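In case you want the letters, here they are:
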Amino acid sequence: MTKVKVECVKGNIAAQQDMDVVVNAANAELLPGSGVAGAIHSAAGPGLAEECRALAPIRPGQAVISSAHNLPNQHVIHCLGPVYGVDEPSDRLLADCFRNALYLADQNGLSSIAFPAISTGVFGFPLRDAAAVAMKAVADSLTELNSVRLVRFVLFSDQDLSVFDEARKLESDLSGQ
Ligand code: AR6
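Residues numbered from 1 in each chain as written. Predicted model: local features only at pLDDT ≥ 70, side-chain atom pairs only at ≥ 80, totals over all residues. Heavy atoms only, no water.

Caption draft 1: Structural view of the pairing of strand β2 (residues 21–25). With four of five residues buried, β2 lies mostly within the body of the structure. Where β2 lies against strand β4 (residues 75–79), five bridges are found, and the strand directions are parallel. In the sheet register, V21 faces β4, and the bridge partner there is H75. With two bridges joining them, β2 and strand β5 (residues 112–115) adopt parallel strand pairing. Across the sheet, residue V21 finds its bridge partner in β5, namely I113. (Buried < 20%, exposed > 50% of the residue type's maximum accessible area, 1.4 Å probe, protein only. Helix = DSSP H or I, 4+ residues; strand = E, 2+ residues; numbered from the N terminus. Pairing = 2+ DSSP bridges.)

Caption draft 2: How the structure looks around the state of the cysteines. Enumeration over the complete set of coordinates arrives at zero disulfides. Cysteine C52 remains unbridged, with the sulfur of C79 as its closest cysteine sulfur at 12 Å. Its sulfur unpaired, C79 is 4.7 Å from the next cysteine sulfur, which belongs to C97. Judged by its relative accessible area of 0%, C79 falls in the buried class. (Disulfide = S-S within 2.5 Å.)

Caption draft 3: Just the layout of surface pockets, in detail. Each pocket or cavity is described by its volume, and for the largest pocket that value is around 540 Å³. Lining of the largest pocket is provided by 26 residues; of these, A25, S34, G35, V36 and G121 occupy positions nearest its centre. For the lining of the largest pocket, the elements supplying multiple residues, two or more each, are α1 (35–44) and β6 (150–155). With four residues, α1 is the largest single contributor of residues to the lining of the largest pocket. Looking at the lining of the largest pocket, its residues break down into 15 nonpolar, ten polar and one charged. (1 Å grid on protein atoms, 1.4 Å probe; cavity = no way out; pocket = protein on both sides within 12 Å on 5 of 7 lines; lining within 4 Å. Points joined across faces, edges and corners; volume = space filled by probe spheres on them. Nonpolar A, V, L, I, M, F, W, Y, C, P; charged D, E, K, R; others polar.)

Caption draft 4: Structural detail: the site of the ligand. The environment of the ligand is made up of 21 residues, and the closest members are N27, V36, S119, T120 and G121. At 2.9 Å, a backbone N or O of I13 approaches a nitrogen atom of the ligand. Contact between the ligand and V122: an oxygen atom at 2.9 Å from a main-chain N or O atom of the residue. Protein chains shield 88% of the accessible area of the ligand, which is 700 Å² for the free molecule. Mapping the ligand onto the cavity grids shows that it belongs to the largest pocket. When its residues are assigned to classes, the shell around the ligand shows twelve nonpolar, nine polar and no charged. (Near = heavy atom within 4 Å. Polar contact = N/O pair within 3.5 Å; in protein donor to acceptor, adjacent residues only side chain to side chain. Areas by Shrake-Rupley, 256 points an atom, 1.4 Å probe, with all protein chains shown as cover. Sits in = over half its atoms within 2 Å of the grid points.)

Caption draft 5: Spotlight on the environment of K3. Structurally, K3 is set in the segment before β1 (5–10). K3 sits in the exposed class, given a relative accessible area of 64%. The sequence separation of K3 and T143 amounts to 140 residues, and the corresponding C-alpha distance is 9.3 Å.

Caption draft 6: Examining the packing of aromatic side chains more closely. For the coordinates displayed, the defined rule picks out five aromatic pairs. Seen from their ring centres, F98 and F153 are 5.9 Å apart, and the 50 degrees between their planes marks the pair as tilted. Of this pair, F98 sits in helix α3 (residues 90–107) while F153 sits in strand β6, placing them 55 residues apart in sequence. A residue is classified by how much of its surface remains accessible, and F98, at 1% relative accessible area, is buried. An aromatic cluster of three or more residues is present, and its members are F98, F115, F153 and F164. (Phe/Tyr/Trp six-rings, centres within 6.5 Å; stacked < 30°, edge-to-face > 60°.)

Caption draft 7: Main features of the pattern of salt bridges. Overall, the coordinates contain nine salt bridges when judged by the stated rule. Between R152 and D18 there is a salt bridge; the shortest N-O distance is 2.9 Å. On the criterion of sequence distance, the pair formed by R152 in strand β6 and D18 in the loop between β1 and β2 is long-range, its members being 134 residues apart. Where R168 meets D165, a salt bridge forms, and the shortest distance between an N and an O atom there is 2.8 Å. With a gap of three residues between them, R168 and D165 both fall in helix α5 (residues 158–170), about one helical turn apart. Across this residue pair, the class does not change: R168 and D165 are buried. One salt-bridge network, in which partners are shared between bridges, spans K5, E7, D18 and R152. (Salt bridge = Lys/Arg side-chain N within 4 Å of Asp/Glu carboxyl O.)

As structure tokens, this is what we get:
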């Protein structure tokens, strides 16, 4: 199996200087919004929304890739997470986001990818459940990855960080790291 490091840090997804690609918790139209989408679009500049027009709309679970414009990365991967209680089955659609983003990064020859806690803000997915889904999706994808070597989860608070790190430790393929 390829050696992939999975880590959780506290921080801002729009300020991950050392990562090849950052993931946006997008809306279907790939427009600037609040939370992660707001931070990513304001750091990237208006060129990002312009480029995204041709890629929208996207479905829950889907991932699409764009350039990163003024962000300190090579690319942005935009994922539409499920709205909790509306887009069903929400666990599968959330897992699809992580799997599809990882494959897209890998297909593009990228070696490091940073994820936010997709769907856990405006879209209302309970944090603990989302963390378990995210870690299982990453663990299930490890054997398929050829170029991705570092997967980072960027959480906005100490509390969110500890929930995600606990979920990482509970996933046996990720716990020894
Ligand atoms: N860096 C890292 N994490 C962040 C940041 C940041 N800069 N800002 C917020 N978070 P959300 P969603 C955390 O709402 O639930 C948007 O308006 C936040 O605390 O950004 O997928 C879009 O346009 C939460 O835990 O994404 C969509 O319409 C997590 O990131 C919709 O919201 C995700 O919060 C997407 O909702």
